[in-house]
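Topology and contacts: notes
Listed below, chain by chain, are the residues.
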Amino acid sequence: QVQLVESGGDLVQPGGSLRLSCAASGFNFNLNAMGWYRQAPGKEREFVAAIASGGSTNYRNSVKGRFTISRDNAKATVYLQMNSLKPEDTAVYYCGTTLKSGPYWGQGTQVTVSS
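The structure reproduced in this document is the subject of the present report. A quick note: this is a predicted structure, and the numbers were derived from the prediction, not measured.

Criteria and thresholds
Per-chain numbering applies: the sequence of each chain, read as written, is numbered from 1 onward. Two thresholds apply to this predicted model, a pLDDT of at least 70 for residue-level local features and 80 or more for giving and counting side-chain atom pairs, whereas whole-chain, interface and lining totals are computed over all residues. Calculated side-chain values reflect all of the structure's heavy atoms, with hydrogen atoms and water omitted. By definition, two strands form a pair when at least two bridges between them are found by DSSP. Each helix is a run of DSSP H or I of at least 4 residues and each strand a run of E of at least 2, with the numbering of both proceeding from the N terminus. Here the axes come from fitting lines to C-alpha atoms, over the contacting stretch only for helices, and the angles between their N-to-C directions go from 0 to 180 degrees. Cysteine sulfur atoms are paired as a disulfide whenever they come within 2.5 Å of each other. To sort residues, take the accessible area from a 1.4 Å probe on protein chains only and compare it with the maximum for the residue type: under 20% means buried, over 50% means exposed, and anything in between is partly exposed.

1. A look at the sheet that holds strand E1 (residues 3-7)
Strand order across the open sheet formed by four strands is E1-E3-E8-E7, with antiparallel pairing between neighbours. If you trace the sheet from one side to the other, it starts and ends with E1 and strand E7 (67-72), each paired once. In this sheet, neighbouring strand axes are inclined to one another by 15 degrees on average, regardless of whether the strands run parallel or antiparallel. Bridge analysis of E1 against strand E3 (residues 18-25) gives five bridges, and the strand direction is antiparallel. Its bridge partner lying in E3, glutamine 3 is registered against serine 25.

2. Description of the state of the cysteines
What the rule picks out here adds up to one disulfide. With its sulfur 1.9 Å from that of its partner, cysteine 22 forms a disulfide with cysteine 95. With a gap of 73 residues between them, cysteine 22 in strand E3 and cysteine 95 in strand E9 (residues 91-99) connect regions that are remote in the sequence. For the pair cysteine 22 and cysteine 95, a shared accessibility class is recorded, and that class is buried.

Okay, here's the thing in structure tokens:
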């Protein structure tokens, strides 16, 4: 079955960096776009970044220049490098993909940016 397992979330000070990972299994990772999303308390889940199977990327405006999404097809893993973190980046971060059978999400990893 499809599995997406995120890791790498932590408590970090403003201005700090984190790298999130999402290990995928159960589908042909190489052929599918992957995305990172986040949900802050009391807010709806929002798009953060996406990477197509060919490697093209897309970001929400508020993270452009600070976050970088990448993928390692050999490891079936997608990454989110987050630099210059701000308190407003605090959220549970999810990776996701959409297959013919529907959308799939991981369990999420908590990122807290606070001094």
